[in-house]
Amino acid sequence: MTDTTIYLDNNATTALAPECVDAVLACLRNGYGNPSSKHAVGEHAKVQMMQARAAVAGLLNAAPAEIVFTASATEANHMAIRGALAARPDKPHVVVSAVEHPSTLSLLAHLEADGIRVTRLPVDQDGLLDLAALELAITSDTALVSLMWANNETGVLFPVAEAVQMAHARGVLFHTDAVQAAGKLPLDLAQVPVDLLSLAGHKFHAPKGVGALFVRKGLKFPPMLFGHQERNRRGGTENVAAIVGMGVACELAAREMDTKAMAMAALRDRLETGVLMRIPCARINGGTALRVGNTSSVCFGALAAEAILDKLDKAGICASSGAACTAGGTEPSHVLSAMGLSEAEALATIRFSLSRYTTETEIDHVIDVLAAILKRMTAEAA
Ligand code: PLP
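Residues numbered from 1 in each chain as written. Predicted model: local features only at pLDDT ≥ 70, side-chain atom pairs only at ≥ 80, totals over all residues. Heavy atoms only, no water.

1. Looking at the overall build of the protein
Here is the rule: Strands here mean DSSP runs of E at least two residues long; helices mean DSSP runs of H or I at least four residues long; both are numbered from the N terminus. With C-alpha atoms as the basis for the radius of gyration, the globule rule is written as 2.2 Å multiplied by the number of residues raised to the power 0.38. Buried means the residue's accessible area, taken with a 1.4 Å probe over protein chains only, is under 20% of the maximum for its type, while exposed means over 50%, and partly exposed covers the values in between. The contact definition used throughout considers only heavy atoms, calling two residues in contact when any of these lie within 4.5 Å. Charged residues are defined here as Lys and Arg on the positive side and Asp and Glu on the negative side; His and the ends of the chain fall outside this count. Lysine's charge is taken at NZ, arginine's at CZ, aspartate's at CG and glutamate's at CD.
What the protein contains, in helices and strands, is 12 helices and 12 strands. Compactness check: the protein gives a C-alpha radius of gyration of 21 Å against a globular reference of 21 Å for 382 residues, within 12% of the reference. Projected onto its principal axes, the C-alpha coordinates of the protein cover approximately 70 × 50 × 35 Å. In the protein, which comprises 382 residues, the proportion classed as buried is 54%. Contacts in the protein between residues far apart in sequence, at least 24 positions, make up 73% of those at least 6 positions apart. Across the protein, the centroid of the 32 positively charged side chains sits 5 Å from that of the 39 negatively charged ones.

Okay, structure coming up:
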């Protein structure tokens, strides 16, 4: 990596915001206390955690007591799903979409072996969910509907507000994986009354190793990790420095969401316009759907994404094929397959994900480099 590296893999992880680095370092130096300790050093750590909790709650228009810190979004997703099932032992059914993150789908595959019934709703060619199918999928034994807010591979948004209403009308709990929406879209939980919501700090410029689960007031379920921390909802001494970093990232996101999200969307559109104009085989997956403004999933005909990515990497440009967790693998992405792409099309797809730090100069350079790479590869393939 050099100073000139262009990083367009922000849905995999983001660079820390300088403000977060400062806050985390200050905490590591001076805030080493255990927030459960009753002395001054512990009290100092507790106050820092309280501030961070208020900032996370602020981003969601929620109450601080509704935030449970976790080590990751994977943990938050698992806590939400396992917790909802444990709270409703007479309802062994979960409804999800076929394009949820692997952290959700792999847990559900595991739970199926224990007798939990799982309905995976299909999406159409634009990655959109059919609400009528959701309505039909909910039955009297459904404990939970879990739908992501924004897809990590395509950016396509699900109609979370309508889906929550539908679930609640049938007395069913609603969880959303909002990992790719946080910091990019307003998440107002007073307006969209989800019961449970997962976040990951490292997707919006906080450190890795910290996430959060929003648990609506009054909703009780047994913890996965037992211990007195987080109001008995998640045991284990808290990662105070990372939590402080997440708090700062939430403050930044809340303060600058309007301007930064608009700028990011304009650059994503500039990238797509340039790519479509200069590369005849390019097509945007989910391009006509409502999408989170930083994500672009581009299918390059039948040309291998891995080869393009390798050439981009050599030119100092980082992007990924499908989800980062499957990068390097040859399996087509489950998201693109669910949208009806052929195996060859899925394996010809690259995800570009921008951040608040992406610049116009970088985007214009990426378009130039991509156009040159694709021109050469197309000529070679002919
Ligand atoms: N959910 C979504 C939509 C994601 O994109 C990710 C990470 O890529 C996760 C959950 C899991 O996050 P983590 O790996 O931080 O646990």
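There is more to say after this.
2. Focus on the environment of V94
Within the secondary structure layout, V94 lies in strand β3 (residues 93–97). Judged by relative accessible area, V94 falls into the buried class, the value being 0%. With 10 residues separating them along the chain, V94 and A84 place their C-alpha atoms 9.3 Å apart. Beyond its immediate chain neighbours, meaning those up to four positions away, V94 contacts L85, L108, I116, R117, V118, T119 and L144.

3. Here we look at the domain arrangement of the protein
As a reminder of what qualifies: For each domain, the first and last residues come from an automatic or database assignment. For any pair of parts, buried area is found by adding up, for both, the accessible area (1.4 Å probe) each one loses once the two are put together.
Along its sequence, the protein is carved into domain 1 (6–14 + 257–381) and domain 2 (18–253). Once you take the C-alpha centre of each, domain 1 and domain 2 turn out to be 27 Å apart. Contact with domain 1, which involves 31 residues of that partner, is made by 35 residues of domain 2. Taking both partners together, domain 1 and domain 2 bury about 2700 Å²; carbon and sulfur atoms supply 57% of that area.

4. Considering the site of the ligand
The test is simple: We define proximity as follows: a residue is near a molecule or strand when any one of its heavy atoms falls within 4 Å of that partner. Here a polar contact is recorded for every N or O atom pair within 3.5 Å, except that within protein the pair must consist of a potential hydrogen donor and a potential acceptor, and residues adjacent in sequence are included only if both atoms are side-chain atoms. Under the convention used here, a 1.4 Å probe and the Shrake-Rupley method define accessible areas, while residue burial counts only the protein chains that appear. Following the grouping adopted for this structure description, the nonpolar residues are Ala, Val, Leu, Ile, Met, Phe, Trp, Tyr, Cys and Pro, the charged ones are Asp, Glu, Lys and Arg, and the polar ones are all others, Gly among them.
Looking at the ligand, there are 14 residues lining it, with T74, D177, Q180, H202 and K203 nearest. Contacts to the ligand include A73, whose backbone N or O atom sits 3.3 Å from an oxygen atom. Calculation on the ligand without its partners gives an accessible area of 390 Å², and the protein chains cover 87% of this total. Top element by residues in the shell around the ligand is helix α3 (residues 73–87). It accounts for three residues. The residue inventory of the shell around the ligand, partitioned by class, reads four nonpolar, eight polar and two charged.

5. Brief notes about the pairing of strand β7 (residues 196–200)
Selection criterion: A pair of strands is considered paired only if DSSP assigns at least 2 bridges between the two.
Most of β7 is tucked away, with five of its five residues classed as buried. Neither face of β7 is open: one carries L196, S198 and A200, the other L197 and L199, and all of them are buried. Pairing of strand β6 (residues 173–177) with β7 involves three bridges; the strand directions are parallel. The residue bridging H175 from the neighbouring strand is L196, located in β7. Taken together, the five bridges between β7 and strand β8 (residues 211–215) define a ladder with antiparallel strand orientation. For L197, the partnering residue across the bridge sits in β8 and is F214.

6. Here's the deal with the sheet that holds strand β9 (residues 282–284)
This is how the line gets drawn: With axes taken as lines fitted to C-alpha atoms, and helix axes fitted only over the stretch in contact, angles between N-to-C directions fall between 0 and 180 degrees.
Taken in spatial order, the three strands make up an open sheet running β9-β10-β12, and their pairing is antiparallel. Unpaired on one side and paired on the other, β9 and β12 (349–353) mark the two borders of the sheet. Here the strands of the sheet are splayed against their neighbours by 30° on average, with no regard to which way each runs. As defined by bridge partners, strand β10 (residues 295–300) adjoins β12 across five bridges and the pair is classed as antiparallel. Residue pairing for β12: S296 is matched across the bridge by F352. Across the sheet, helix α8 (residues 240–278) touches β9, β10 and β12, and the angle it forms with β10 is around 10°. Against the sheet, helix α9 (residues 305–314) makes contact with β10 and β12, and its axis sits at roughly 40° relative to β12, the strand it touches most.

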